[in-house]
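# Structural features, examined
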Amino acid sequence: MTQPITRILGIETSCDETAAAVVENGTTILSNVIASQTDLHAQYGGVFPELASRKHIEVIYPVIQQAMAEAHLGFDDLDAIAVTQGPGLVGSLLVGVNAAKGIALARRKPIIGVNHIEGHIYSLWLTDVPIQFPILSLVVSGGHTELYLMRDHGQYEHLGGTLDDAAGEAFDKVGRLLGLPFPGGPAIDKAAAEGNPLAFSFPRAVMGDGYNFSFSGLKTAVLREVQKFSPDRLPLNDLAASFQAAVIDVLVTKTNAAAQAHKVAAVHLTGGVSANRGLRQAMRERLSVPVYYPPLLLCTDNAAMIAAVGHQHYRQQRFSPLNFDVIPSLQLQ
Ligand code: KG4
Ligand code: ZN
């Protein structure tokens, strides 16, 4: 028997991207619209929460309309609406959730509140990567550095996470120390490619044999080195390369240890920092199991990944009540 086609509209506004996408059967992207606010926040050196929610309000409906138009569908063709419920900035989350509720109510469609971290994990379902459980999933983004053991759909065992700064946050803070534009991640990635990763010996926080991470000591060590130079003589590329090498070393070492301990079939690397070229290469070279990561457009925040999770919930008929609330510190378990 052939399965009926399901089409889910995904909406994502947890931080500074306003995004909407339509995904068919949880795997095929029909449209994927992302309005980024990066330029708006760059002048403040980080995301300015009030500005972010105001901008989301301005563009949310045009973004949704564009996603529907590019998918060549009307709202009545949808099976459900999936929207990021958390974690994220409360004011930003509210814009997406309220827009989703409006459409769900007006068109009598089921609504599905989605965990943003689970969204990153499911970004790989939108690619042709072979999915084989058990999977070790490392989510590295601006807000998270989390290792999950995934034995089946929707089943997560949290093995460890950051105790202080997330990996992306460390990239962004060190980018600022080095005088690079916001967000620091892509700028450091570029500078690091021209630098010597052995020029500075930065600390690797190992903290026993657990799977937790800590990046704040590393950030302080970079600051101490930066202070030794006058700004016009800063060895920018070498500092970027040495910092990046330290982050990569810790991420790869812990991921490899967890992959071996739990005998996983593959490692999935997702989230904004999974765009990092050095990290991708080191994971490919040093892991003892295959590693998969999404194409660049699906590494950073997008709504297709939210719709992909929505599809899994839809299959199990797991819907949210229309009065569900945003949860800024939502956990994944
Ligand atoms: O997943 P994402 O778009 O948003 C969150 O959920 O946080 O991740 C954004 C983070 C930022 O910290 C950004 O600096 C980092 O991902 N990032 C990178 C790269 N591209 C984005 N970090 C390192 N190298 C990159 N190429
Ligand atoms: Zn994200």
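One structure accompanies this document, and this report is about it. (Residues numbered from 1 in each chain as written. Chains lettered and ligands numbered in written order. Predicted model: local features only at pLDDT ≥ 70, side-chain atom pairs only at ≥ 80, totals over all residues. Heavy atoms only, no water.)

## Focus: the sheet that holds strand E2 (residues 17-24)
Test applied: Any two strands between which DSSP finds at least two bridges are classified as paired. Under the DSSP-based scheme used, a helix requires at least four consecutive residues in state H or I and a strand at least two consecutive residues in state E, with every element numbered from the N terminus. Fitted lines through C-alpha atoms give the axes, limited to the stretch in contact for helices. The angle between two N-to-C directions lies from 0 to 180 degrees.
Strand order in the open sheet formed by five strands is E3-E2-E1-E4-E5, with mixed pairing between adjacent strands. Either end of the sheet is taken by a strand with one partner, and the two such strands are strand E3 (28-36) and strand E5 (111-115). Each strand of the sheet is rotated relative to its neighbour by a mean of 20 degrees, with strand direction disregarded. Relative to E2, strand E1 (residues 7-12) runs antiparallel, the two sharing six bridges. Considered in E2, the bridge of leucine 9 is made with valine 22.

## What about the site of ligand 1?
To keep it simple, the criterion reads: It suffices for a single heavy atom of a residue to lie within 4 Å of a molecule or strand for the residue to be listed as near it. By the criterion applied in these results, polar contacts are pairs of N or O atoms within 3.5 Å in which, for protein atoms, one can donate a hydrogen and the other can accept it, and in which residues neighboring in sequence qualify only through two side-chain atoms. Where accessible areas are quoted, they stem from the Shrake-Rupley method and a 1.4 Å probe; at the residue level, only the protein chains shown are allowed to cover. Here a cavity denotes grid points, spaced 1 Å and computed from the protein atoms alone, that fit a 1.4 Å probe unable to get out, and a pocket denotes an open set having protein on both sides within 12 Å along at least 5 of 7 lines; residues with an atom within 4 Å of a point are the lining. For a molecule to be placed in a cavity or pocket, more than half of its atoms must lie within 2 Å of the grid points of that cavity or pocket. We call Asp, Glu, Lys and Arg charged. Ala, Val, Leu, Ile, Met, Phe, Trp, Tyr, Cys and Pro are nonpolar, and the rest, Gly among them, are polar. As annotated, the domain borders come from an automatic or database domain assignment.
Residues in close proximity to ligand 1 total 19 residues, the closest being Gly142, Asp172, Asp189, Asn276 and Asp301. With respect to ligand 1, the backbone of glycine 142 contributes an N or O atom lying 2.8 Å from an oxygen atom. A distance of 3.2 Å is found between an oxygen atom of ligand 1 and a backbone nitrogen or oxygen belonging to glycine 168. Protein contacts shield 89% of the accessible area of ligand 1, which totals 550 Å² for the unbound molecule. Judged by the proximity of its atoms to the pocket grid, ligand 1 belongs to the largest pocket. Residue assignment for the shell around ligand 1 shows that the elements contributing at least two residues are helix H4 (116-122), helix H5 (167-177) and helix H6 (184-193). Within the shell around ligand 1, the residues separate by chemical class into six nonpolar, ten polar and three charged. Two domains each donate at least three residues to the shell around ligand 1, and these are domain 1 (7-122 + 299-315) and domain 2 (132-293).

## Quick look at the nonpolar core
What counts, and what does not: By nonpolar core we mean a set of buried residues, namely Ala, Val, Leu, Ile, Met, Phe, Trp, Tyr and Cys, connected to one another through side-chain atoms within 4.5 Å. When accessible area is computed with a 1.4 Å probe and restricted to protein chains, residues below 20% of their type maximum are described as buried, those above 50% as exposed, and intermediate ones as partly exposed. Between two residues, a contact is recorded if the distance between any of their heavy atoms is within 4.5 Å.
The biggest cluster of nonpolar side chains holds 48 residues, and the ones touching the most others in it are Phe202, Phe243, Leu251, Leu279 and Met283. Within the residue set of this core, elements represented by two or more residues are strand E6 (135-140), strand E7 (145-152), H5, H6, helix H7 (216-226), helix H8 (236-261), strand E9 (266-270) and helix H9 (277-286). Broken down by element, the residue count for this core peaks at twelve residues, all from H8. Setting aside residues up to four positions removed in sequence, phenylalanine 202 forms contacts with Leu218, Ala221, Val222, Glu225, Leu239, Ser242, Phe243 and Ala246. In this structure, Tyr122, Ala304, Ala307 and Ala308 belong to the second largest nonpolar core, which totals 30 residues.

## Looking at unusual backbone geometry
With glycine set apart, most residues show a phi of negative sign, and most peptide bonds adopt trans. Along the chain, phenylalanine 133 connects to proline 134 via a cis peptide bond; the corresponding omega equals -5 degrees. Along the chain, proline 134 turns up in the loop between H4 and E6. With an omega of -5 degrees, the peptide bond between phenylalanine 182 and proline 183 qualifies as cis. Within the fold, proline 183 resides in the loop between H5 and H6. A positive phi is found at asparagine 25, a non-glycine position, where the angle reads about 55 degrees. Here asparagine 25 shows up in the loop between E2 and E3. Not every positive phi belongs to a glycine, and arginine 108 is a case in point at roughly 55 degrees. One can find arginine 108 in the loop between helix H3 (90-107) and E5. According to the relative accessible area criterion, arginine 108 is exposed, its value standing at 76%.

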